[in-house]
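As a plain string of letters, each chain reads:
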Amino acid sequence: MSHRSLQYGCARNVLAITHMAFKFNFDVPGDSLQEDERTDEVEQPIKAIKINDKHYEIAKECSPVTIKFSDGTQLLTVRPSDAEKKCRNSTTICEAIRSHSDLIAGKYEGGLKIWEGSVDLCQYLITNKVQFHSKSVLELGCGAGLPGLYALKKGASCVHFQDFNFDVLETMTTPNTILNTSIEHHPSLANKCKFYAGDWLSFLNHLTKRRKEETKYDIILTSETIYNPQYHKHLYNLMRSVIKPDGVAWIRYLAAKAYYFGLGGGIQQFTQMVRQDGFFDSRTVWSTDEGLERNIIQFRPKLI
């Protein structure tokens, strides 16, 4: 396999390997959606994916991109254009490719793109030496899954990945997991990593139907997931419901642009909802104004 290497310095270098168009295709009136403007969502069944021979074949055939971080850490990822070719039977993703759109409401959430927020989040975890050894980790809206894969490389006991699109998990996240581990046999890797396709409301309902101890995580990671305020509450309820009730492992990080133009989503609106609910303390742990302002927020359940 031939590798293309990218040095982390500015997230725009990473985005250069993907379609550069940053086009949101949501039909949202005005800058935001009010609570009474939203319609009830129809719950879709969650699709659980297990690593199999197909994913190993994709990993074997691809020419992965190597993303290098400041301390020498490297993460491999399937090239987005290669993943797109594997999705030719997906009418939704083909529609997104033809229209050069990163997001199609309720259909495609941009999972075949390496978003700068996920790179920012990885670099933050590396710089601050966040410990993952023996921790259970959940990455929400994972796409390529870079933060979750970093946690896996650093000794997490398990890493679960959730993304809206089944095809994203099949053609990018699962092969990436294989590329970034030395585990060669399906059962070993499958026991540590699980993959779930579906929306956050359905995922929460899926988890709550299982045994309690299996639905809690030490660390939750998510990046570029608050672009649409219509889904803020679902994301927040999921995060609140599945965090473990003990110790410093209650850390969760949210990496996103300060404001998503045309959609009304952003950190200020999301953290205001968090403060009003009162369950979490939150603080900004990293920010940059290079290009659009980007931030990383740390959430901890309040000690009662």
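Residues numbered from 1 in each chain as written. Predicted model: local features only at pLDDT ≥ 70, side-chain atom pairs only at ≥ 80, totals over all residues. Heavy atoms only, no water.

Named according to an unreviewed UniProt entry, the chain is protein-histidine N-methyltransferase originating from Strigamia maritima. What the UniProt record of the chain gives under Sequence similarities (unreviewed entry) is the line "Belongs to the methyltransferase superfamily. METTL18 family." (UniProt positions renumbered as here; feature names shortened; annotations may be inferred.)

Engineer: Just to check I follow, could you spell out the nonpolar core for this structure?
Structural biologist: Soluble globular proteins tend to bury their nonpolar side chains together. Counting residues in each nonpolar core, the largest one holds 43 residues, and the members touching the most others are L125, F132, V137 and L146. Per element, the largest residue contribution to this core is 6 residues, and it comes from helix 5 (residues 116-127). Leave out the neighbours within four places in its chain, and F132 touches L125, V137, Y150, A151, K154, G155, A156, S157, I219 and L221. Counting residues in hydrophobic clusters, the runner-up holds 25 residues, among them W200, L235, I243 and M273. (Core = buried A, V, L, I, M, F, W, Y, C linked by side-chain atoms within 4.5 Å. Buried < 20%, exposed > 50% of the residue type's maximum accessible area, 1.4 Å probe, protein only. Helix = DSSP H or I, 4+ residues; strand = E, 2+ residues; numbered from the N terminus. Contact = heavy atoms within 4.5 Å.)

Engineer: Which parts of the structure should I look at to understand the packing of helix 9 (residues 200-208) against helix 10 (residues 232-242)?
Structural biologist: When two helices pack together, you describe them by how their axes are tilted relative to each other and by the distance separating the axes. The interhelical angle for the contact between helix 9 and helix 10, taken along N-to-C directions, is 25°, at an axis separation of 9 Å. Our classification of the angle between helix 9 and helix 10 gives roughly parallel. Along this stretch, helix 9 crosses helix 10, giving a crossing that reads as left-handed. Counted together, W200, L201, F203, L204 and L207 of helix 9 and H234, L235, N237, L238, S241 and V242 of helix 10 form the full contact between these two elements. (Axes fitted to C-alpha atoms, helices over the stretch in contact; angles between N-to-C directions. Parallel < 35°, antiparallel > 145°, perpendicular 65-115°, else oblique. Left-handed = near helix turned anticlockwise from the far one by under 90°.)

Engineer: Help me understand the confidence of the model for the chain, please; the structure alone is not making it clear to me.
Structural biologist: Detailed reading of the predicted model is not advised wherever pLDDT is low. Residue-level pLDDT values for the chain average 76, and 67% of them are 70 or greater. Confidence over residues 8-40 falls short of pLDDT 50; this stretch has 77 contacts with residues more than four positions distant or in other chains. Between residues 247-252, whose pLDDT stays under 50, and residues either more than four places distant or in other chains, the model counts 28 contacts. (pLDDT = per-residue confidence, 0-100.)

Engineer: Can you walk me through unusual backbone geometry in this structure?
Structural biologist: The backbone of S134 shows a phi angle near 65°, a positive value even though the residue is not glycine. With respect to the helices, strands and loops of the structure, S134 is situated in the loop between helix 5 and strand 5 (136-140). Phi at E224 is positive, roughly 55°, even though this residue is not glycine. When you line up the elements, E224 lands in the loop between strand 8 (219-223) and helix 10.

Engineer: Explanation requested: the environment of Q269 in the structure shown.
Structural biologist: Within the secondary structure layout, Q269 lies in helix 11 (residues 267-277). Sequence separation between Q269 and P229 is 40 residues; the distance between their C-alpha atoms is 7.9 Å.

Engineer: Explain the pairing of strand 7 (residues 193-197) to me, please; I cannot follow it from the model alone.
Structural biologist: The side chains of a regular strand alternate, first on one face of the sheet and then on the other. In terms of burial, strand 7 is largely enclosed, as 4 of its 5 residues are buried. As paired strands, strand 2 (residues 47-49) and strand 7 are joined by 3 bridges and run antiparallel to one another. Following the sheet pairing, A48 is matched in strand 7 by Y196. Bridge analysis of strand 6 (residues 158-163) against strand 7 gives 5 bridges, and the strand direction is parallel. The residue of strand 7 that forms the bridge with F161 is F195. (Pairing = 2+ DSSP bridges.)

Engineer: Mind showing me how you'd approach helix 11 here?
Structural biologist: Where helix 11 is concerned, the buried positions are I267, F270, T271, M273 and V274. Axial view of helix 11: buried residues confined to an arc of 150°, hence all on one face. Residues of helix 11 that are exposed and point over 90 degrees away from its buried face: Q268, R275 and Q276. In the stretch just after helix 11, G278 is the one whose phi turns positive, near 85°. (Arc of directions from axis to C-beta.)

Engineer: How should the pairing of strand 5 be read in this particular structure?
Structural biologist: The buried count for strand 5 comes to 5 of 5 residues, which makes it a mostly enclosed element. Burial of strand 5 is two-sided: the residues S136, L138 and L140 facing one way and the residues V137 and E139 facing the other way are all buried. For the segment spanning strand 5, helix 6 (residues 146-153) and strand 6, crossover handedness is right-handed. Both strand 5 and strand 8 contribute to a ladder of 4 bridges, which runs parallel. (Right-handed = clockwise from strand over helix to strand, strands pointing away.)

Engineer: Would you mind going over helix 6 with me for this structure?
Structural biologist: Three or four residues apart is the spacing at which side chains of an α-helix point the same way, because the helix has 3.6 residues per turn. Of all 8 residues that make up helix 6, 7 are buried, and the element is covered over most of its length. Of the residues one or two after helix 6, G155 is the one with positive phi, at around 95°.

Engineer: Help me understand the packing of aromatic side chains, please; the structure alone is not making it clear to me.
Structural biologist: A ring pair, where both rings are aromatic, is described by two values, the distance of the centres and the angle of the planes. Scanning the entire structure with this criterion turns up 7 aromatic pairs. Plain terms: the ring middles of F132 and Y150 are 5.9 Å apart, the flat faces sit at 90° to each other, and that makes the pair edge-to-face. Note that F132 is positioned in the loop between helix 5 and strand 5 and Y150 in helix 6, a separation of 18 residues in sequence. Put simply, the rings of Y236, F270, F279, F280 and F299 touch in pairs and so form one group of aromatic residues. (Phe/Tyr/Trp six-rings, centres within 6.5 Å; stacked < 30°, edge-to-face > 60°.)

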